[in-house]
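Spelled out from the first residue to the last, the chains are:
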Amino acid sequence: MDTQRISHLLAEQKLELSIIREELDRARAEVERLEAKHFETMEMVQKLEALRSPVRRMPLEVMTKVFEQCVQDEESQEPDPLRGPLLLCQVCSAWRDLMFSLPYLWRSLKVGFPSATPNWENVMQSRIMSMHVWTSRAKALPISLILQHSSNSPITWGALMSLDKEILTLGCRIKELCLRFSPLALSSLLTFTQSPLPHLQRLELHNSNPLPSSDNPPPLFLHDAPNLRSLSIAWGSLDTTEFCVPWGQLTQLSLQYDASPHWNSVHNDYLVALRECPNLKCCSIGIGITILHTDTDMVVPVTLPNLESMKVRLFCQTLYTHQFFDALHAPKLRTFEFQNASLAMGSFASQTEPLSFISRSAETLENLSFDTINISDVNMLSCLSQLHRLKHLRFLPGPLQLNHNLVDSLVLSRAPRGSPICPRLKSLSLKCSKGVSTDRVTELVESRCNASPKLEEFCLQIAAFDYGQDSRDKTIVELRERLNQCVEGGLQLHLMKAKPTG
């Protein structure tokens, strides 16, 4: 084949190749066009299918209620993309727009700080920026803030000053504020108390330091908080006589202090503050070593005419405990809880201090709880015999005084005619040793379940304080079998081993 022939064939093939490339380009363009049309059609199909979804057809008012419930179900709202409300904002643009249009869903915020970091200033700037964005979505609504740092690792002064400034800026909008920091950090975060707090209703200042510390924040001065109703203070030594607080406005008050074997925390006479709180409905206090500014023989009685709930934690036995309960009157008291919170194992020998206070509230008291409290059978029965309206009784003594005799005395069939003890009980929680008679427990529960009103819940903790054979599991199995008929009748039954500490 000569050279001329080869050149002619080569030109033909190149022409054919050019035609094929043009056809491929046209085909590729057509494929791209069809793919784009396919994508657009699929997008339209998905939108139309979404419009058929029941959620899309749900009225806006209903969706708003659903979102509100989702946010309220969260224990605390944190700037976490895996929790509401930020999680709801990630579903679609319509949901995000709806969430941003509902400022009341952004009224609550909890911000935690790391236990340790090499650069507190950067961390604080990031947290403050999150607070800015979050609170801006709440528009001008009052907000609730929980700020906490649970470690003993100190936050730098500069970072605390930035946070203090932010709290001060938000002060005019804060409705509820909870600060949980070390005492030294708390001391740097109280500038907001000097400014007007027109919306503040609830304030908590708690020591979060897990290690012993004798440091204390300065006395609390609230210069302008006309709507404050709830105050909770928990730090080391506590002297409320130097506080400037609108006590008369409060309906809830909690005064706790941190007892420790490393130092002697003290608190002042709580009666001084309570005397200025005529509107209190709920009160919680911790009693320990007390600073008394007055002669114990000159104590003036204190009446809290609206008090309905009283919780007392006892850290040590002092004469002040008697003085406190002897002076206090609560004619509308419905709930009383008394707990031994001492660091020593077990309980004190005798703790009858609150019995006179309970007796004075016998006509209204419905709920009574003793935790690791030792009271003799005679004193306890004398008190209970006056509580004809009592519905819930929880009596968990320490190892020095288990309530076996109380089991017998609470059996309705054994009570003298016309004078049963606590005839309206609906809930009963007791603690006995492993030697308690299953016959006596069964008789107690059956007599209460057959009464009117009948017992709805029974809890028995079985303790063991010797080194003999532990037969508690056998006792629990036997009691479950014997009380099965009561359970089938609606009784909630809880049988368990008591903790070794008693």
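Below: a short report on this structure. None of these values were measured; they are calculated from a predicted model.

So, the overall build of the protein
- Within the protein, the regular secondary structure consists of 16 helices and 18 strands.
- Among the 502 residues that make up the protein, the fraction classed as buried is 43%.
- Across the protein, contacts joining residues at least 24 apart in sequence account for 75% of those joining residues at least 6 apart.

Considering the environment of N367
- When you line up the elements, N367 lands in strand β14 (residues 367-371).
- As a C-alpha pair, N367 and L393 span 26 residues in sequence and 6.1 Å in three-dimensional space.

Some thoughts on helix α7 (residues 157-170)
- When the terminal C-alpha atoms of α7 are compared, their 20 Å separation across 14 residues agrees well with the 20 Å that a helix rising 1.5 Å per residue should span.
- For α7, the complete set of buried residues consists of A159, L160, L163, D164, E166, I167 and L170. Seen along its axis, α7 keeps its buried residues to an arc of 160°; they face one direction. Residues of α7 that are exposed and point over 90 degrees away from its buried face: W157 and K165.

Description of the packing of aromatic side chains
- The tally for this structure, following the rule as stated, stands at 13 aromatic pairs.
- Each ring, one from Y320 and one from F324, has its centre 6.0 Å from the other, and the planes form 45°; the classification is tilted. Of the two residues, Y320 and F324 are both situated in helix α10 (residues 319-327); the distance of four residues between them amounts to about one turn of the helix.
- A network of ring pairs unites the aromatic residues Y320, F324, F325, F336, F338 and F357 as a single cluster.
- A cation sits over an aromatic face here: R137 above W106, 4.9 Å from the ring centre.

Examining unusual backbone geometry
- P453 follows S452 through a cis peptide bond whose omega is 0°.
- Tracing the backbone shows P453 in the loop between α14 (438-449) and β17 (457-463).
- Despite not being glycine, C422 has its phi angle at roughly 50°, a positive value.
- By the secondary structure assignment, C422 is in the loop between α13 (404-409) and β16 (427-433).

With respect to the side chain of T438
- With respect to the helices and strands, T438 occurs in helix α14.
- You can call T438 buried: its relative accessible area is 13%.
- There is a polar contact of 3.3 Å between the side chain of T438 and the side chain of R482.
- Sequence-distant contacts of T438, that is, excluding residues within four places in its chain, are made with T475, E478, L479 and R482.

So, the nonpolar core
- Within the largest apolar cluster, 126 residues are counted, with the highest numbers of intra-cluster contacts made by M310, F324, F336 and F458.
- Per-element accounting of this core gives the leading share, six residues, to helix α6 (residues 120-137).
- If near-sequence neighbours (up to four positions away) are discounted, F324 is found in contact with Y270, L271, L274, I285, I287 and M310.

What to know about the pairing of β14
- Buried residues dominate β14, accounting for four of its five residues.
- Pairing between strand β13 (residues 335-340) and β14: five bridges, direction parallel. Following the sheet pairing, Q339 is matched in β14 by D371.
- Strand direction decides the pairing type here: β14 and strand β15 (residues 392-396), joined by five bridges, are parallel. Residue pairing in the sheet places D371 in a bridge with L396 of β15.
- Handedness of the β14-helix α12 (residues 377-384)-β15 crossover: right-handed.

Things to note about the pairing of strand β6 (residues 252-257)
- Burial within β6 is extensive, with five of its six residues counted as buried.
- Looking at chain direction, strand β5 (residues 230-235) and β6 are connected through six bridges and run parallel. Paired with I233 across the bridge in β6 is L255.

Notes on the packing of α6 against α7
- Viewed as axis vectors pointing N to C, α6 and α7 meet at an angle of 15°, and their least axial separation amounts to 8 Å. In terms of orientation, α6 and α7 fall into the roughly parallel class. Taken as a pair, α6 and α7 cross one another with a handedness that is right-handed. Contact residues: α6 offers W120, E121, M124, I128, M131, H132 and T135, while α7 offers G158, A159, S162, L163, E166 and L170.
- Among the residues making up the contact of α6 with α7, the classes are represented as seven nonpolar, four polar and two charged.

With respect to the packing of α14 against helix α15 (residues 472-482)
- Between α14 and α15, the least distance of the axes is 10 Å, while the angle of their chain directions is 35°. As for the relative orientation of α14 and α15, their crossing is right-handed in sense. Only T475, E478, L479 and R482 of α15 make contact with α14, whose side of the interface consists of T438, D439, V441, T442 and E446.
- The class makeup of the residues in the contact of α14 with α15 is two nonpolar, three polar and four charged.

Reading the values: the criteria
- Residues numbered from 1 in each chain as written.
- Predicted model: local features only at pLDDT ≥ 70, side-chain atom pairs only at ≥ 80, totals over all residues.
- Heavy atoms only, no water.
- Helix = DSSP H or I, 4+ residues; strand = E, 2+ residues; numbered from the N terminus.
- Buried < 20%, exposed > 50% of the residue type's maximum accessible area, 1.4 Å probe, protein only.
- Contact = heavy atoms within 4.5 Å.
- Expected span 1.5 Å × (residues − 1).
- Arc of directions from axis to C-beta.
- Phe/Tyr/Trp six-rings, centres within 6.5 Å; stacked < 30°, edge-to-face > 60°.
- Lys NZ or Arg CZ within 6 Å of the ring centre and 35° of its normal.
- Polar contact = N/O pair within 3.5 Å; in protein donor to acceptor, adjacent residues only side chain to side chain.
- Core = buried A, V, L, I, M, F, W, Y, C linked by side-chain atoms within 4.5 Å.
- Pairing = 2+ DSSP bridges.
- Right-handed = clockwise from strand over helix to strand, strands pointing away.
- Axes fitted to C-alpha atoms, helices over the stretch in contact; angles between N-to-C directions.
- Parallel < 35°, antiparallel > 145°, perpendicular 65-115°, else oblique.
- Left-handed = near helix turned anticlockwise from the far one by under 90°.
- Nonpolar A, V, L, I, M, F, W, Y, C, P; charged D, E, K, R; others polar.

All we've got here are geometric facts, nothing functional implied.
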